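# Residue-level structural notes
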Amino acid sequence: MTPAARPKVLLSVLCGCRLMREALVRRLAREAGISVVASGATLHDLLAAPGVRNTQVLVINDDAHAWPMFVDATAILPSAEVVMLVDDHDLASAVRYIEAGARACVEHSASLALLVQAIEAAAQGRSVASGAMVACVIRRLHRLPPRKTPVRRDGVPALTDREAEVLRLVAEGLSNKQIARWLRIKISTVKTFVHQILKKLHVRRRRDVLLRSRGIEV
Amino acid sequence: MRARVLLALDSPLLRETLADLLAREGDIEVVGQVDDPVDLLLAVEETEADVVLHTFRDSPELPGICSHLFAEFPHVLVIGLSPDASWAFACRQTVTVKPLASVGIDDVLAEIRSACVAS
């Protein structure tokens, strides 16, 4: 679909600084692909706007009171994708917003074009970020402990290396056929492995393996 | 006569956004954009600006940017917005402090136009 044929992104802006808010609203409203439905200094103001419930993308400026507003806004407008405007000197808090579900964080040093891109991408569930922001997220990921696999839970027999490998592919959502092709083994062998894994993990369905591998109790 | 405005804002995003909006006003011309207090002092002279819109905090290299602007360019309207964006003031000879909650883009436009009328 061409950008012209795509419906406009319904945007709301939450920003405590009036000048910043008004400038953003007026400028973004000029974008062909964006329609501003609500804006406010506080969540209370924002929610008073008639069109606010249709918000697809919510831009929040990360000022002093932004965190509780972010938390409340995501609870009240669960279908809205959030794009945060963040301070360049505080990219760590940007990571906090991303971890909490923000679709994108755009720094104040970024261009207006990047902000527009991030808004339009967020409406489609995609993320756009500057190189600095990506680097910041990578640094954060490096500091995380390695992803836990459920193979060494107490009372659960450890999986063999091959089983662990199959488990990883199951957790990624591959079918038995795809796993067989990937590992260059017979589909019947894959089925045997999957059966063993389910037995060792005390779960009945593949879907539960997927959840458990993400640390969710089933 | 068009008001010649120099933008000296810390936030590049706000600077670009305001520059774009002001440029659409028929009676306002954005004559420059700077991101450093020293560049600002040079640019005021070079661009012959009527209005300076700035958000610079006091820097160790150049404390009191407003005093410098007042002393060297008494005819220029200086609209200062605090760096933490919590308050703003418009000033010529005296300084009036306004909370930013009450300063919107139309207030800024009105201040810019008042400078143009005065000169």
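See above for the structure.
What this report covers is the structure whose coordinates are included nearby. It should be emphasised that the depicted structure is a prediction, and the values quoted were computed from it without experimental measurement.

All names here are of chain A. Taken as a whole and assessed by the stated rule, the structure comprises three aromatic pairs over all chains. Judged by centre distance (5.3 Å) and plane angle (50°), the rings of Trp-67 and Tyr-97 are tilted. Of the two residues, Trp-67 is situated in helix 3 (residues 66-76) and Tyr-97 in helix 4 (residues 91-99); the sequence distance between them amounts to 30 residues. Taking 5.0 Å as the distance between ring centres and 75° as the angle between the ring planes, the aromatic pair formed by Phe-70 and Tyr-97 counts as edge-to-face. On the criterion of sequence distance, the pair formed by Phe-70 in helix 3 and Tyr-97 in helix 4 is long-range, its members being 27 residues apart. Owing to a relative accessible area of 1%, Phe-70 belongs among the buried residues under this scheme. Over the ring of Trp-67 we find Arg-96; its NZ or CZ atom is 3.8 Å from the centre of that ring.

Listed by partner, the interface residues are 18 residues for chain A and 22 residues for chain B. Counting the surface lost from both chain A and chain B, the interface buries some 1,700 Å², and carbon and sulfur atoms represent 68% of this. In this structure, the connection of chain A to chain B is made through three salt bridges. When the shortest N-O distance is used, the salt bridge between Arg-18 of chain A and Asp-107 of chain B registers 3.7 Å. For the interface between chain A and chain B, the tally reads six residue pairs in polar contact (both at pLDDT 80 or more). For the side of chain A that touches chain B, the secondary structure elements donating two or more residues are helix 1 (18-28) and helix 5 (112-123) of chain A. Looking at the side of chain A that touches chain B residue by residue, the class counts come to 10 nonpolar, three polar and five charged.

Right, let's get into the nonpolar core. Counting 50 residues, the largest nonpolar core has Val-83, Leu-115 and Ile-119 of chain A together with Leu-18 and Ile-112 of chain B as the members making the most contacts within it. Broken down by element, this core gets its largest block of residues, eight residues, from helix 5 of chain A. When sequence neighbours within four positions are dropped, the list of residues in contact with Leu-18 of chain B reads Leu-19 and Ala-23 of chain A together with Leu-7, Leu-9, Leu-53 and Ile-105 of chain B. By size, the runner-up hydrophobic cluster in this structure holds 25 residues, among which are Leu-46, Ala-73, Leu-91 and Met-133 of chain A.

Definitions and limits used
Residues numbered from 1 in each chain as written. Chains lettered and ligands numbered in written order. Predicted model: local features only at pLDDT ≥ 70, side-chain atom pairs only at ≥ 80, totals over all residues. Heavy atoms only, no water. Phe/Tyr/Trp six-rings, centres within 6.5 Å; stacked < 30°, edge-to-face > 60°. Helix = DSSP H or I, 4+ residues; strand = E, 2+ residues; numbered from the N terminus. Buried < 20%, exposed > 50% of the residue type's maximum accessible area, 1.4 Å probe, protein only. Lys NZ or Arg CZ within 6 Å of the ring centre and 35° of its normal. Contact = heavy atoms within 4.5 Å. Buried area = accessible area lost by both parts, 1.4 Å probe. Salt bridge = Lys/Arg side-chain N within 4 Å of Asp/Glu carboxyl O. Polar contact = N/O pair within 3.5 Å; in protein donor to acceptor, adjacent residues only side chain to side chain. Nonpolar A, V, L, I, M, F, W, Y, C, P; charged D, E, K, R; others polar. Core = buried A, V, L, I, M, F, W, Y, C linked by side-chain atoms within 4.5 Å.

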